[in-house]
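One letter stands for each residue in the lines below.
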Amino acid sequence: AQSVTQLDSQVPVFEEAPVELRCNYSSSVSVYLFWYVQYPNQGLQLLLKYLSGSTLVKSINGFEAEFNKSQTSFHLRKPSVHISDTAEYFCAVSHMNRDDKIIFGKGTRLHILP
Amino acid sequence: DGGITQSPKYLFRKEGQNVTLSCEQNLNHDAMYWYRQDPGQGLRLIYYSQIVNDFQKGDIAEGYSVSREKKESFPLTVTSAQKNPTAFYLCATGQSLAKNIQYFGAGTRLSVL
């Protein structure tokens, strides 16, 4: 069975500082990986995804994540955060080539400090 | 305006009452999902449907029911058997399960009176 672990439930960081949100997964087969973002009282929005190809994937608002197969990780990073990045971030995984459900982590709440 | 519409935004349930949450989509997606979100617990899958007139139980289906009579609609009924219904409910759609990129509605917040 696959699972997703987000190691931090909350991450406080000062504005303009770098941030890393950690995500590890377990699976016996190849996977697709996703990061979703949820702003207060809204639904989730896809931030970025790894389906195949380059292991480093980037979003339009400066976030990036790197798929590390040996460490079974997909950590999310941003070199300089803005107050507008305040949100909850969910890592998710699904099996490649199988009709399986997507499994979400429990989320990491990013607090930007002024 | 394309997308996923969930209604109502806020809903209150009296004890012993069934309530229905609406989810409508115009993205022409085959798959639709209902999730429950509680603080610190992430998203838990209630029911999902890959095709009209077919649906499967997710991880926490007890106390809930769904129907999928039209491709565009996937309503969720929270029955009186669900003893702890207070939560944020999210509907999502996807083109298929395999690559599983899901698109979410804005959610319905259900509270018990």
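Placed above this text is the structure.
All values reported here derive from a predicted model rather than from experimental measurement.

K.L.:
Quick rundown of the state of the cysteines? Include the residues and the values.
P.N.:
Counting across every chain of the model gives 2 disulfides over all chains. Bridging Cys23 of chain A to Cys91 of chain A, the disulfide has an S-S length of 2.0 Å. Where Cys23 of chain A bonds to Cys91 of chain A through sulfur, the torsion about that S-S bond is close to -65 degrees, and the disulfide is left-handed. One end of the pair, Cys23 of chain A, is in the loop between β3 (19–21) and β4 (24–26); the other, Cys91 of chain A, is in strand β10 (residues 87–95), with 68 residues separating them in the sequence. Each disulfide pairs two cysteine sulfurs, and for Cys23 of chain B the partner residue is Cys91 of chain B, the sulfurs being separated by 1.9 Å. Handedness of the Cys23 of chain B-Cys91 of chain B disulfide follows from its S-S torsion of about -70 degrees: it is left-handed. Of this pair, Cys23 of chain B sits in strand β3 (residues 19–25) while Cys91 of chain B sits in strand β9 (residues 87–94), and the two are 68 residues apart along the sequence. The same class applies to Cys23 of chain B as to Cys91 of chain B, namely buried.

K.L.:
Report on the pairing of strand β6 (residues 44–50) of chain A, specifying residues and quantitative values.
P.N.:
All names here are of chain A. Where strand β5 (residues 31–38) and β6 come together, 6 bridges link them in antiparallel fashion. Following the sheet pairing, Val37 is matched in β6 by Gln45. In sequence, β5 turns back onto β6 through a hairpin of 5 residues, with Asn41 there showing a positive phi of about 60 degrees.

K.L.:
I'd like a description of the pairing of strand β5 (residues 43–51) of chain B, backed by residues and values.
P.N.:
Residues and elements named next belong to chain B. Relative to β5, strand β4 (residues 31–37) runs antiparallel, the two sharing 6 bridges. Considered in β5, the bridge of Trp34 is made with Tyr47. Here β4 folds back onto β5, and the loop between the two strands holds 5 residues, one of which, Gly40, carries a positive phi near 75 degrees. Looking at chain direction, β5 and strand β6 (residues 54–57) are connected through 3 bridges and run antiparallel. By the bridge assignment for β6, Tyr47 is matched with Lys57. Counting the residues in the hairpin turn of β5 and β6 gives 2 residues, including Asn53, whose phi is positive at 65 degrees.

K.L.:
Lay out the environment of Ala87 of chain B in plain terms, naming residues and giving numbers.
P.N.:
The residue Ala87 of chain B is located in strand β9 in this model. Those residues in contact with Ala87 of chain B, other than ones at most four positions away along the chain, are Arg36, Gln37, Asp38, Thr108, Arg109 and Leu110 of chain B.

K.L.:
Can you tell me about the interface of chain A and chain B, naming the residues and giving the values?
P.N.:
Opposite the 23 residues of chain A that make contact, chain B presents 22 residues. For the pair chain A and chain B, the summed buried area comes to about 1,800 Å², and 57% of that belongs to carbon and sulfur atoms. Its largest share of buried area at the contact with chain B, chain A owes to Asn41, Leu44 and Lys101 of chain A, together 28% of the area lost on that side. Summed over the shared surface of chain A and chain B, the result is 3 residue pairs in polar contact (both at pLDDT 80 or more). The set of elements that each furnish at least two residues to the side of chain A that touches chain B consists of β5, β6 and β10 of chain A.

K.L.:
So what about the environment of Ala17 of chain A? Which residues, and what values?
P.N.:
Residue and element names in this part refer to chain A. Residue placement: Ala17 occurs in the loop between β2 (10–14) and β3. Taking the C-alpha atoms as reference, Ala17 lies 23 Å from Gln45; in sequence the two are 28 residues apart. Beyond its immediate stretch of four places on either side in the chain, Ala17 contacts Lys78, Pro79, Ser80 and Val81.

The rules behind the values
- Residues numbered from 1 in each chain as written.
- Chains lettered and ligands numbered in written order.
- Predicted model: local features only at pLDDT ≥ 70, side-chain atom pairs only at ≥ 80, totals over all residues.
- Heavy atoms only, no water.
- Disulfide = S-S within 2.5 Å.
- Helix = DSSP H or I, 4+ residues; strand = E, 2+ residues; numbered from the N terminus.
- Buried < 20%, exposed > 50% of the residue type's maximum accessible area, 1.4 Å probe, protein only.
- Pairing = 2+ DSSP bridges.
- Contact = heavy atoms within 4.5 Å.
- Buried area = accessible area lost by both parts, 1.4 Å probe.
- Polar contact = N/O pair within 3.5 Å; in protein donor to acceptor, adjacent residues only side chain to side chain.

Honestly, that's just the spatial picture; any functional story needs more than this.
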